[in-house]
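Single-letter residue listing:
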Amino acid sequence: MPLGNLASVSRFLPELAVTATILLLVAVHVVGKNRQSSASALLSLAGVGAALLLTALQPSMPAVSLFEGMVALDGFAVFFKALTALATIVVIFMSMDSAELSGKSQAEYYVFLLSVLLGMFLLSSATDLVMLYLSLELVSIPSYLLAGYLKGRKSSNEASMKYVVYGATASGVMIYGFSLLYGLTGTTQIAEIGRALATGKAALPLFLAAVMVAVGFGYKIAAVPFHMWSPDVYEGAPTPVTAFLSVGPKAAGFAVLVRFFYTVFASPDGAGGPWTLSSPVDWTLLFAVLSAATMTVGNLVAVNQKNVKRLLAYSSIAHAGYMLMGFVLLTPAGIQAILFYLVVYLFMNLGAFYVVILVANGTRSEDISDYAGLGSRAPFAAVSLAIFLFALTGIPPFSGFIGKVYLFAEVINRGVYWLAVVAALNSVVSLYYYARIVKVMFLEEPAEKAELAVPAFPRALLCLLAVPTLLLGVYWEPVIRVAANSVRLLAF
Amino acid sequence: MGFIDSHILSLMTFLPLLGGVVILCLPKGNDNLVKTVAAVASFLPIPLALKLLLGFDRTVGGVNAANQFQFVEHYSWIPSINVDYFMGADGISMPMLILTALLSFLAVIGSFGIKNKIKGYMALFLLLETGMMGVFASLDFFLFYVFWEVMLLPMYFLIGIWGGPRKEYAAIKFFLYTLLGSVLMLLVMLALYFNTTNPETGGHTFNMLHYMPQATHNAWLKGFDVRILLFLGLFIGFAIKVPLFPFHTWLPDAHVEAPTAISVILAGVLLKMGTYGLMRISFPIFPDIARYFAVPMAVLGMINIVYGALCAMAQSDLKKMVAYSSVSHMGFVLLGMAALTPAGMVGASFQMFTHGMITAMLFFLVGVVYDRAHHRQIDGFGGLGAVVPVYTAFITFAFFASLGLPGLSGFVAESMVFLGSFPVFRTIVMIAAVGIIFVAAFHLWALQRVFLGPLNPKYATLEEINAREIFCLTPLAVISLFLGIFPMPLVNLMNTSLLKLVDVVKTVL
């Protein structure tokens, strides 16, 4: 039974903590004199830290439904809340170090950032179409603002504009799909929808509706062919924002994708095989093609990039493609692989972006050619970046390899061999462009020999990102157990 | 039974890594200390290898029987997917472990001349040694794969940073080729994992010994087409490493651009991993397919022998010639294995060991002349024999060993390969035997152009080989000579296991 509104409040503390922090930030902004001070950053850190702590302490067993069935509190939601809160904390640290953002008004920035976080919390737990749509917009709208946060920079404006146009279109299509679903089933509860559709009627409208919904989610995770916005947005947005968008909203996008399709299509009680809904459409094939296209396009286009941020943008498209492999079969093992991959992806991708920020602070450049000789100019940053890039490639002993093993494993286990082969070949392609950055850093002589200073605090943070990247490649049992436990969705 | 006795393979594997970490922690600028630590860390596996050799029971086979492996260490690593830390040695891996320990130490000593960033060089080299040892010691496929891949990173940097003029191209080419091979291996590994059951627990397993009895395979894995595909997936992965024609094109680039000591390791140890993988994994798991593909494999071996020798003859660069001679020599290994006869298999394994010795000598010797003359053009020298007699003696010895002169170890290996494979593939072996003439030809021709004839006056004052270089070469030369006259110690070391391997491949299914 879903809990009522009042009874739900005590289970809603992480969200409340984030909301309170947002309100406090606004108040500080109005009252405070010095808009550039780091007070708002520290306040946000405290708020998100509190939210993370509350999330960790929250009992997720047994799963409950809150607010009359609007959101779920289950292991899955808790996992994503912790993941997105962690990503936000890292991004706040990155923002404090970013030269791009210093001198800009701080409070609004963190208000937007935390609003996105609140949206991600809700998105990963929404179990009602209305709630789902609202939280998706709560993620999207502040993201548009964040992408355009550097008002003076043309590319940042362009990024924001493109993001709005694409985002609005995608969410329009998605909500049209929602309306079809409502028309078919007469309910907005996704578990109810699943039960209503299990009878197998109305195959064609259902297919249309599901595809439209997938457009909205596909846009959030930047899956081909809904990825067009992401390179321009990633390149134009301030780098900490890019890092944030490539991890946080992408993770939340996967959360909602999995929750929606798992609940509606794989029988609402989680029993039975994958894609149990009888339908003339081969969903596995459809999503397998989507996954293969996403990783292939991302990797092939990344090969020719000259700007690091743009390269990482395409690489993150490719990684969405890898993660979709876990979704293709809609099985618990596949979803567990996605969750595990998101954890390792958080560390390696944020780490790579963090080095990009540190280098840009010193050189004012994001061109790969300006990384020449970084190995001797800033050995610590260069070695860290090499670790992150090789982890992204998926080479042992780094965590990215283990993540890929789990994703490959489920696909092979269920016999979609061609997808595994495509993904394996893609890994080889990706090595080419990741190694190009490494080559420039270590194998080429710098144009300028001066040492690039990396202060102590960023060094420590880099360590905090690099150590898990290494450690999870050698011993990952605890994390995979957490992921396995988090696969159990709210079932009633 | 102390800690050392019960963890001897782990110590051999991880002591170099430990040394590498220590080196990273050393203060900047103290190159001698770095060299000392590297030498110690790479030397320690040698006494351990001797201990291994003394304690090794030559009468038990190993191959597919878990209880016949020696120096076993078996711990659970990731219980949720049954990945184990499982190491052990048998007659197939013993020569390779000894070879790796010896060549790694000599390569470290041979690298003392490196001036640029020696700290990073030594740390990466020791990581590479860990990877190599791990590959030869692992019996868990996952563990094997991790070690297999761990070698790629240091190798990429060692070629790319300390290599020759086209180092960047060579490094990435090596990396891409090998990664392509290993991702195929990864897919096969996962397919094996999901389609076999551990007879003890009923769950899936990465233990490669559990893949060997056919009873653990499910119906899908018993399908002939499936087995052919999986075998080919593994085979391409290993063939790239060997390298077999037509996957060999990375080798001349990588060997030529790599610094001397790294060429030594590449040719001396890394190439053997390909054929070792075939013996350890492909043949026992897919014996039926190994038999099915025996002729194509023998043909590939033959092509390698003849084509490698012809390519070597066409080279004007001494190092490139030596690199192609490796292609030729590794063909013998495949030819011997494909025959599936005891003599062929022993010859193949013998060739793996002895080629490690001989090619290491050759690359060291090419490095010696390159350090002094700064080029390697065969036609750019002439009459060096009069200027550097000691060096000439060494290189003549190495060339003769390489071309298979009776009395040296290369001859023993090649004659065993021919002996074992002739009854099975007559025509192929006859063509391959012609390759021997080419092998002899390019060696002698190079010898003549570089060391005989009128002296090139430019090199009248060429410096003689120094003590450190002689130190690196002597053990290799002594072992080649010893095994050439008295091959039985090495044959006995691996005989039981190889006979068992032949038996497994011949009789199963």
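These figures come from a predicted structure and were not determined experimentally. (Residues numbered from 1 in each chain as written. Chains lettered and ligands numbered in written order. Predicted model: local features only at pLDDT ≥ 70, side-chain atom pairs only at ≥ 80, totals over all residues. Heavy atoms only, no water.)

A. Seen up close, the packing of helix 17 (residues 399–413) of chain A against helix 9 (residues 167–194) of chain B. Two elements in contact, helix 17 of chain A and helix 9 of chain B, have axes separated by 9 Å at closest approach and are oriented at 55 degrees. Between helix 17 of chain A and helix 9 of chain B, the angle falls in the class oblique. Two packed elements cross with a definite hand, and for helix 17 of chain A against helix 9 of chain B that hand is right-handed. Across the interface between the two elements, Phe-401, Val-405, Phe-408, Ala-409, Ile-412 and Asn-413 of chain A of helix 17 of chain A pack against Leu-186, Leu-187, Leu-190, Ala-191 and Phe-194 of chain B of helix 9 of chain B. For the contact of helix 17 of chain A with helix 9 of chain B, the per-class residue count stands at 10 nonpolar, 1 polar and no charged. (Axes fitted to C-alpha atoms, helices over the stretch in contact; angles between N-to-C directions. Helix = DSSP H or I, 4+ residues; strand = E, 2+ residues; numbered from the N terminus. Parallel < 35°, antiparallel > 145°, perpendicular 65-115°, else oblique. Left-handed = near helix turned anticlockwise from the far one by under 90°. Contact = heavy atoms within 4.5 Å. Nonpolar A, V, L, I, M, F, W, Y, C, P; charged D, E, K, R; others polar.)

B. Inspection of the interface of chain A and chain B at higher detail. Across the contact, 34 residues belong to chain A and 30 residues belong to chain B. Summed over both sides, the interface of chain A with chain B buries roughly 3000 Å², with 82% coming from carbon and sulfur. In terms of surface lost to chain B, no three residues of chain A exceed Ile-412, Val-428 and Leu-443 of chain A, which account for 18% of the buried area on that side. For the interface between chain A and chain B, the tally reads 0 salt bridges. Inspection of the region where chain A meets chain B yields 3 residue pairs in polar contact (both at pLDDT 80 or more). Of all elements in the fold, only helix 17, helix 18 (417–443) and helix 20 (477–486) of chain A reach the threshold of two or more residues within the side of chain A that touches chain B. Of the residues contributing to the side of chain A that touches chain B, the split by class is 28 nonpolar, 2 polar and 4 charged. (Buried area = accessible area lost by both parts, 1.4 Å probe. Salt bridge = Lys/Arg side-chain N within 4 Å of Asp/Glu carboxyl O. Polar contact = N/O pair within 3.5 Å; in protein donor to acceptor, adjacent residues only side chain to side chain.)

C. Quick look at the pattern of salt bridges. Tallied over the entire structure, the rule returns 20 salt bridges over all chains. We note a salt bridge from Lys-173 of chain B to Asp-253 of chain B, for which the minimum N-O separation is 2.8 Å. Placement of the pair is Lys-173 of chain B in helix 9 and Asp-253 of chain B in helix 12 (residues 250–257), with a sequence separation of 80 residues. The burial state of Lys-173 of chain B is the same as that of Asp-253 of chain B; both residues are buried. Sharing partners across several salt bridges, the network here consists of Glu-158, Lys-162, Asp-232, Glu-235 and Arg-310 of chain A. (Buried < 20%, exposed > 50% of the residue type's maximum accessible area, 1.4 Å probe, protein only.)

D. Structural view of helix 4 (residues 75–97) of chain A. Relative to the 33 Å expected for 23 residues at 1.5 Å per residue, helix 4 of chain A spans 34 Å between its end C-alpha atoms, a close match to the ideal helical length. For helix 4 of chain A, the buried fraction is high: 18 of the 23 residues fall into the buried class. (Expected span 1.5 Å × (residues − 1).)

E. The arrangement of helix 22 (residues 467–485) of chain B in detail. Residue and element names in this part refer to chain B. If you check helix 22, its first and last C-alpha atoms are 27 Å apart, about what 19 residues at 1.5 Å a residue would give, namely 27 Å. Taking the largest bend as the criterion, helix 22 deviates by roughly 30 degrees, centred on Leu-473, and proline Pro-475 comes between one and four positions later. Within helix 22 the residues assigned to the buried category are Glu-469, Cys-472, Leu-473, Leu-476, Ala-477, Ser-480, Leu-483 and Gly-484. If you follow the buried residues of helix 22, they end up packed against helix 5 (94–110), helix 17 (342–373), helix 19 (389–403), helix 20 (409–421) and helix 23 (488–507). N-cap assignment for helix 22: the residue whose side-chain oxygen lies 3.2 Å from the backbone N of Arg-468 is Asn-466. (Bend = angle between axes of the 7 residues up to and from the residue.)

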